[in-house]
Amino acid sequence: MRSHVETRPPYGLMVWTVISLILSLAFYAAPLRIANGPDLMPMLPLMTLFIWSTVRPRFIPPIVIFIIGILNDVLTGGVLGVWALAYLVSLTIARSRDEDGPTREFGPVWIRFLVVLAIAIPVAWGAGSLAIGHPAPVRPLLIEGVASALMFPLLAVLFVRRRRTRGTFGS
Amino acid sequence: MSIGGSSRRRDESGVRFSRTFTVALFLISIVLVAFDRPQARSPALASLRAGITDLAAPVLDLVAAPVRGLSNIGPYWRNQAHLAEENADLRQRLNETRYWRDLALQLRDQREVYEQALRVESPATQNRIGAWTLGDPDGPFVQSRLIGAGTRQGVDSGDPVLNVYGLIGRVVETGNVSSRVLLLTDLNSRIPVMADRSNARAVLVGDNSDYPRLDFLTRNAGLEDGDRIVTSGDDGIMPRGLPVGQAQRDRQGRWRVRLYSDQAPVDFVWVFPFEPVRPPEPESLSDDQTPPVDTAANAADADSDAEPAPAGTAETSAGGEP
């Protein structure tokens, strides 16, 4: 017997996906540093894209990744296409691995996210450096990368809790 | 702990997206990177960016508002303990400020008299425009701020932007209700400056560090540690005399500037709309209006009949014979 998840598109979940992506962009770009505290904003858009592409891949087609990347570039004042390219490359590679045999255990998923970061950061650095005409500083990117790697479990727990409390994720 | 569920596996393990389309998106991204370089940004892409930031501005403002409130809580409670002390200090400062205010008004009156006598017009600055910052990502590729004021409020490209302590940068992109400010520390920032004490000219060059460099410093500049650096206005885009920072040598002996604006987070800023100095329009001379031979008499006539000099010639006129 097919469940209603398979027969009817989960519109509520789609809306939640869109809202979470918009919020991740807004929190990433908004001035959230309190006074002169450290600037430790993780790459929220990449984290959100990765989680959704792991949980609900059909909600995150390449065009969505591209649009989020472009919006990320615009809102941060960067060169258009840099983060779009980095997100596309890293998440496409992650997906090609997914086809080999997906795993839903948290440990491997976290490791896979680290791989995505390890691809996205050099691609963004390379594309950004080419665009501005000289090597861009690596430190801010590394700080963002480390912050993302460490904060990924927190964001992932939100999704896992949601799945546990409602049975099938988002349905 | 696991992410996703068994039903998801049944539903979506077979999701495939068109590889051709994905490759096309790769190529579009690469083309965008090539065409949106800061050195050669196309106007169409610039207006697209401005349009998107206009749309995003209210959302960013909404997200940032609670943090603004939070960041004010600490200083508020700290200040409660020192209110009496602070009050006395402020009264003292107010008394001192009265003296400077009187002096400033006196000097303004004097300047107006001199300008009238010399027939010069200073480049006028209009009223400043206040705005909150809506976005402050310190990314590796660009150091900029998104502010909540645009062309509708009178902000224009090139306008200088200051916080309470000094210059933070200039407007590089304007939307209807938002603008992007390129910080002085950004790699693409170039601002002509001068030392207040010695008038030594230089160009303030951002290099993504907290202390921008002073390049093209004139020979025998006579710069000293702690000299106050202000905008020189030599580019005709920024007004002269905006406070920038203090000169200091780095370990390699190069001159850098400790920015005044670093004393506070860049949260609320002022944009100073500035009418840049326009070059004089070339005179169209017909055959019967051949310019007269340069004689002392003609020169004197020209002097007495001349219209007030454009603002760009103010210094020259002021330095000449009254």
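One can find the structure itself at the top, above this paragraph.
Here's what I pulled together on the structure shown here. Just so it is clear, the structure is predicted and the values come from calculations on it, not from any experiment. (Residues numbered from 1 in each chain as written. Chains lettered and ligands numbered in written order. Predicted model: local features only at pLDDT ≥ 70, side-chain atom pairs only at ≥ 80, totals over all residues. Heavy atoms only, no water.)

**So, the overall build of chain A**
- Per the secondary structure count, chain A includes 7 helices and 0 strands.
- A total of 171 residues make up chain A; the buried ones form 55% of that total.
- For chain A, restricting intrachain contacts to residue pairs at least 6 apart in sequence, the fraction spanning at least 24 positions comes to 69%.
- Carbon together with sulfur atoms contributes 70% to the accessible area of chain A, which is approximately 7400 Å² in total. (Helix = DSSP H or I, 4+ residues; strand = E, 2+ residues; numbered from the N terminus. Buried < 20%, exposed > 50% of the residue type's maximum accessible area, 1.4 Å probe, protein only. Contact = heavy atoms within 4.5 Å. Areas by Shrake-Rupley, 256 points an atom, 1.4 Å probe, with all protein chains shown as cover.)

**Notes on unusual backbone geometry**
All names here are of chain B.
- Although it is not a glycine, N208 sits at a positive phi angle of roughly 65 degrees.
- Along the polypeptide, N208 turns up in the loop between β7 (201–205) and β8 (213–215).
- Positive phi, normally seen in glycine, also occurs at F216, with a value near 55 degrees.
- According to the relative accessible area criterion, F216 is exposed, its value standing at 68%.

**Notes on the packing of helix α2 (residues 11–29) of chain A against helix α4 (residues 62–76) of chain A**
Residue and element names in this part refer to chain A.
- The geometry of α2 relative to α4 is characterised by a closest axis approach of 10 Å and an angle of 25 degrees between their N-to-C directions. By the angle class used here, α2 and α4 are roughly parallel. When the axes of α2 and α4 are compared, the crossing they make is right-handed. Contacts between α2 and α4 involve L21, L25, Y28 and A29 on the former and, on the latter, V64, I68, L71, N72, L75 and T76.
- Class assignment of the residues belonging to the contact of α2 with α4 gives a composition of 8 nonpolar, 2 polar and no charged. (Axes fitted to C-alpha atoms, helices over the stretch in contact; angles between N-to-C directions. Parallel < 35°, antiparallel > 145°, perpendicular 65-115°, else oblique. Left-handed = near helix turned anticlockwise from the far one by under 90°. Nonpolar A, V, L, I, M, F, W, Y, C, P; charged D, E, K, R; others polar.)

**Describing the packing of aromatic side chains**
- Going through the model one piece at a time under the given rule, you end up with 7 aromatic pairs over all chains.
- Here F50 of chain A and F152 of chain A contribute two aromatic rings whose centre-to-centre distance is 5.7 Å and whose plane-to-plane angle is 65 degrees, an arrangement assigned as edge-to-face. Of this pair, F50 of chain A sits in helix α3 (residues 44–55) while F152 of chain A sits in helix α7 (residues 139–165), and the two are 102 residues apart along the sequence. One exposure class covers both F50 of chain A and F152 of chain A, and it is buried.
- In this structure an aromatic cluster arises from ring pairing among F50, F113 and F152 of chain A.
- The ring of W270 of chain B is capped by R128 of chain B, whose NZ or CZ atom sits 4.3 Å from the centre of that ring. (Phe/Tyr/Trp six-rings, centres within 6.5 Å; stacked < 30°, edge-to-face > 60°. Lys NZ or Arg CZ within 6 Å of the ring centre and 35° of its normal.)

**Here we look at the sheet that holds strand β2 (residues 144–147) of chain B**
All names here are of chain B.
- Pairing within the closed barrel is antiparallel, and its 6 strands lie in the order β1-β2-β5-β4-β3-β12. With direction set aside, neighbouring strand axes in the sheet form an average angle of 45 degrees.
- Across 2 bridges, strand β3 (residues 160–162) lies against strand β12 (residues 268–271) in antiparallel orientation. Counted as the bridge partner of V161 is V271 from β12. (Pairing = 2+ DSSP bridges.)

**Things to note about the packing of α4 of chain A against helix α2 (residues 19–35) of chain B**
- Running from amino to carboxyl end, α4 of chain A crosses α2 of chain B at an angle of 15 degrees, the nearest separation of the two axes being 10 Å. Taken together, the axis directions place α4 of chain A and α2 of chain B in an arrangement best described as roughly parallel. For α4 of chain A against α2 of chain B, the interelement crossing comes out right-handed. Together, P62, I63, F66 and I70 of chain A of α4 of chain A and F21, T22, L25, I28, S29 and L32 of chain B of α2 of chain B make up the contact between the two elements.
- The residue makeup of the contact of α4 of chain A with α2 of chain B, split by class, is 8 nonpolar, 2 polar and no charged.

**Quick word on the nonpolar core**
- Core analysis: the biggest nonpolar cluster contains 68 residues, and L46, L49, W83 and F152 of chain A together with L60 of chain B have the highest contact counts within it.
- Elements represented by at least two residues in this core include exactly α2, α3, α4, α5 (82–100), α6 (106–132) and α7 of chain A together with α2 and α3 (43–81) of chain B.
- For this core, the leading source of residues is α6 of chain A, giving 12 residues.
- Counting residues in hydrophobic clusters, the runner-up holds 21 residues, among them L184, V193, L242 and V244 of chain B. (Core = buried A, V, L, I, M, F, W, Y, C linked by side-chain atoms within 4.5 Å.)

**So, the pattern of salt bridges**
All names here are of chain B.
- What the rule picks out here adds up to 15 salt bridges over all chains.
- D227 is the partner of R197 in a salt bridge, and the nearest nitrogen-oxygen pair spans 2.9 Å. Taken as a pair, R197 in the loop between β6 (190–195) and β7 and D227 in the loop between β8 and β9 (228–231) lie far apart in primary sequence, 30 residues in all.
- Under the relative-accessibility criterion, R197 is labelled partly exposed at 48%.
- Judged by its relative accessible area of 6%, D227 falls in the buried class.
- Here R213 and D207 are joined by a salt bridge, their closest N and O atoms 3.7 Å apart. (Salt bridge = Lys/Arg side-chain N within 4 Å of Asp/Glu carboxyl O.)

Scope: geometric values only; no functional claims are made or implied.
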